[in-house]
Each structure stands twice: as C-alpha cells, then as structure tokens.
Amino acid sequence: MTSKIVLASANAGKIKELQQMLDSLGIEVIPQSALDVPDIEETGLSFVENSLLKARNAAALTNLPAIADDSGLEVDYLRGAPGIYSARFSGEHATDASNREKLLQLMADVPPDQRTARYQTIIVYMRHATDPTPIICQGTWEGTIATDEKGDGGFGYDSIFQVTETDCRAAELDKDSKNRLSHRGKAMGSLLTKLQLK
C-alpha cells in the first residue's frame, strides 16, 4: 500500500474528515488542489458513477492512487432528493447555507413522521487510472430533517440533520463521535478493512 494517496475532492469539510481518518495509518492524503488537478464535471447519475469519475481523473493526472467520495442527503418525502445534487441543491451558486434554507422551506409543513432522511456516501479507491477493479464502499447514516438549525460543527446539512442514535444534530457531535457514526466514517471503515489496513 502506497504512503501517498490523492484525494479527489475540493470540499474542505470532506478533505479534513478523510485526512483525520487516514492520519493514524501513516498515509499522506494529498488534496488534488495541491497537485493542480482541476475538478471534473460530475455527470454521473449515481453516487457510484460520480465517485469513479473523480477518482479516475485524479489518478490519471497525478499517477498516484486516488480516493474519491460522492455523498449526499436523501429525503424520503422528496423521493430521495437532493441526492446527487446535494451540493448544488439551491442552484448554480449554491452554498451550504442556501441549500439548508431551500430544504427547510420545502419541508416546512411536513409532519414529524414523514421527515425521515439519510446521508449516503460512496468511497472509491483506484490504484491507477485504468484500474479494472476499483474498491467501492458504501456508508449510510439514518436520521430526520429538523425544523431549525442547531450546532456549529460539521458542514453541509449537518445542522438540520437529526441523528437517530444520539438524538442531536450532526453538527453537535464531536469529531470522534461523528467519524464513528457517520456515513463517511462507515464507508471509510469498510475501505480500510478491504485494504487490510485495520
């Protein structure tokens, strides 16, 4: 296993979380921006397709193994939306705040028993750009959509995502708890097991 992996993401929150998870293994995670790798357009129709696109692009341009993840929030009442469009839910110039605001507006009159949702993550590891058997891992985190924002940790929809296991918002969890419970933590744990790094 190489000691350097390029992380195919420009999302500062994701980069920080994944670096923390791989730190203890002595693996240097290099964000693709540090290697002048441009973002690739996410034209896939699923989390899996988008993850593969991103990992292949980063591996091809750096000649390093690559990890990419595609994550999103699935709200049952909205038939799985925002899904793969979670980061750009509120339009072309979307921010985390504008995405949360749009979701809260859409869910304003939805009763508590119909506010179920989950975070999904697909993490892909490619040894090289033409890897015919990339490792693909999935993580899911169940919860509900709250009616207001709470907590100042995390990113994305964390301040309105009520975690089933802890009865608090994802944005209120400490780093270790979030890494243990979250969709990304579960997917990364599965990846590390498959790479026989645990």
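Above this note sits the structure.
The structure presented is a predicted model; accordingly, all values stated were derived computationally and were not measured.

Chemist: Describe the sheet that holds strand S7 (residues 168–169), and please don't skip the residues or the numbers.
Modeler: Pairing is mixed across the open sheet formed by seven strands, whose spatial order is S2-S1-S3-S4-S5-S6-S7. The two strands at the open ends of the sheet, each matched to only one other strand, are strand S2 (28–31) and S7. In this structure, strand S6 (residues 161–163) lies alongside S7, joined through two bridges in antiparallel fashion. For Val163, the partnering residue across the bridge sits in S7 and is Cys168. In this fold helix H2 (residues 47–62) packs onto strand S1 (4–7), strand S3 (66–75), strand S4 (116–126) and strand S5 (135–145), with an angle of close to 155° to the strand it touches most, S3.

Chemist: Tell me about the pattern of salt bridges, residues and numbers included.
Modeler: Two side chains bearing opposite charge may form a pair once their charged atoms approach each other closely. Per the stated rule, a full pass over the model turns up 11 salt bridges. The salt bridge involving Glu42 is made with Arg88; its shortest N-O contact spans 4.0 Å. Here Arg88 lies in the loop between S3 and helix H3 (96–106) and Glu42 lies in the loop between S2 and H2, a separation of 46 residues in the sequence. The partly exposed category is assigned to Arg88, whose relative accessible area is 33%. Asp70 is the partner of Lys54 in a salt bridge, and the nearest nitrogen-oxygen pair spans 3.2 Å. With Lys54 in helix H2 and Asp70 in strand S3, this pair connects stretches of sequence that are 16 residues apart.

Chemist: Pulling in residues and values, what's your account of the pairing of S3?
Modeler: Most of S3 sits inside the fold, with nine of its 10 residues counted as buried. In the sheet, S1 pairs with S3 via two bridges, with the strands oriented parallel. Pairing of Leu7 across the sheet is with Ile67, part of S3. Two elements, S3 and S4, share 10 bridges in a ladder whose sense is antiparallel. Residue pairing in the sheet places Ile67 in a bridge with Tyr125 of S4.

Chemist: Now, about H2: what can you tell me, with residues and values included?
Modeler: Its 16 residues place the ends of H2 23 Å apart at the C-alpha level, agreeing with the 22 Å of an ideal helix rising 1.5 Å per residue. Of the positions making up H2, those classed as buried are Phe47, Asn50, Ser51, Leu52, Lys54, Ala55, Asn57, Ala58, Ala59 and Thr62. Among the structural elements, S1, helix H1 (12–23), S3 and S4 are those in contact with the buried residues of H2. Asn63 sits one or two residues past H2 and shows a positive phi near 60°.

What counts, and where the lines are drawn
Residues numbered from 1 in each chain as written. Predicted model: local features only at pLDDT ≥ 70, side-chain atom pairs only at ≥ 80, totals over all residues. Heavy atoms only, no water. Pairing = 2+ DSSP bridges. Helix = DSSP H or I, 4+ residues; strand = E, 2+ residues; numbered from the N terminus. Contact = heavy atoms within 4.5 Å. Axes fitted to C-alpha atoms, helices over the stretch in contact; angles between N-to-C directions. Salt bridge = Lys/Arg side-chain N within 4 Å of Asp/Glu carboxyl O. Buried < 20%, exposed > 50% of the residue type's maximum accessible area, 1.4 Å probe, protein only. Expected span 1.5 Å × (residues − 1).

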